[in-house]
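# Observations on the three-dimensional arrangement
Here are the chains, one letter per residue:
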Amino acid sequence: MSFAPTVPLAIYADPKDPAVTALQLVPPLDQALLQQRVLTVLGSVHHTLYGEYNLHKLKLKDELKDHLEVFQLRLKEIEKEIHVRNSTCKEGFKYEALLPSLIPQSINV
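This text gives an overview of the structure that appears in the document. (Residues numbered from 1 in each chain as written. Predicted model: local features only at pLDDT ≥ 70, side-chain atom pairs only at ≥ 80, totals over all residues. Heavy atoms only, no water.)

### Some remarks on the pattern of salt bridges
- Summed over all chains, the structure comprises 3 salt bridges.
- As a salt-bridge pair, arginine 85 and glutamate 81 come within 2.8 Å of each other at their nearest N and O atoms. One end of the pair is arginine 85 and the other is glutamate 81, both in helix α4 (residues 62–86) and 4 residues apart, which spans about a single turn.
- You can call arginine 85 exposed: its relative accessible area is 56%.
- Judged by relative accessible area, which is 36%, glutamate 81 ranks as partly exposed.
- The partner of lysine 94 in a salt bridge is glutamate 91, with the nearest N and O atoms 3.7 Å apart.
- The exposed category is assigned to glutamate 91, whose relative accessible area is 67%. (Salt bridge = Lys/Arg side-chain N within 4 Å of Asp/Glu carboxyl O. Helix = DSSP H or I, 4+ residues; strand = E, 2+ residues; numbered from the N terminus. Buried < 20%, exposed > 50% of the residue type's maximum accessible area, 1.4 Å probe, protein only.)

### Considerations on the side chain of glutamate 79
- Structurally, glutamate 79 can be placed in helix α4.
- An unpaired buried charge is present at glutamate 79: no salt bridge exists, and lysine 76, the closest side chain of opposite charge, is 10 Å distant.
- Contact partners of glutamate 79, with chain neighbours within four places excluded, come to Leu99, Pro100 and Ser101. (Lys, Arg positive; Asp, Glu negative; His and termini not counted. Contact = heavy atoms within 4.5 Å.)

### Regarding the packing of aromatic side chains
- Per the stated rule, a full pass over the model turns up 1 aromatic pair.
- Ring centres 5.4 Å apart and planes at 85° place the aromatic pair tyrosine 50 and phenylalanine 71 in the edge-to-face group. Of this pair, tyrosine 50 sits in the loop between α2 (29–43) and α3 (55–58) while phenylalanine 71 is found in helix α4, placing the two residues 21 residues apart along the sequence.
- According to the relative accessible area criterion, phenylalanine 71 is partly exposed, its value standing at 30%. (Phe/Tyr/Trp six-rings, centres within 6.5 Å; stacked < 30°, edge-to-face > 60°.)

### A closer look at α2
- Between its first and last C-alpha, α2 extends 21 Å over 15 residues, near the 21 Å set by a 1.5 Å rise per residue.
- What α2 keeps buried is the set Ala32, Gln35 and Gln36. All buried residues of α2 lie within an arc of 105° about the axis, which places them on one face of the element. Residues Asp30, Arg37 and Val41 are exposed on α2 and point more than 90 degrees away from its buried face. (Expected span 1.5 Å × (residues − 1). Arc of directions from axis to C-beta.)

### Things to note about the environment of leucine 102
- In this structure, leucine 102 sits in the segment after α4.
- A relative accessible area of 44% places leucine 102 in the partly exposed class.
- Linking leucine 102 and tyrosine 50, residues 52 residues apart in sequence, is a C-alpha distance of 8.0 Å.
- Sequence-distant contacts of leucine 102, that is, excluding residues within four places in its chain, are made with His46 and Glu96.

This is the structure in structure tokens:
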């Protein structure tokens with residue numbers, strides 16, 4: 001989830017006008033809520049996972065395949081460590097933003 005005023009899809013007043021306040025620049029509440037819902041849906045669609053690559057298409061040299069396997073193993077270790085640390089956190093304070101299994105390879109739109 002994002003802080004709505006930091007991710008508006010447009011500016012709603014002239015920022016060069018000295019009479020314009022910060023609140024006039026951001027969308028009205030109903031528009032901001034709609035924008036947040038749209039951005040949340042768009043941002044939650046993941047077609048790929050970080051570190052998961054089609055090795056047949058990449059045609060990697062064996063040396064690079066070894067590095068990729070080490071990288072993938074490390075991502076799994078990081079994910080396990082985050083889950084271990086989250087097991088001692090109170091609900092609502094668990095860190096899930098950068099779980100490797102939730103990160104796409106690239107921008108997904």
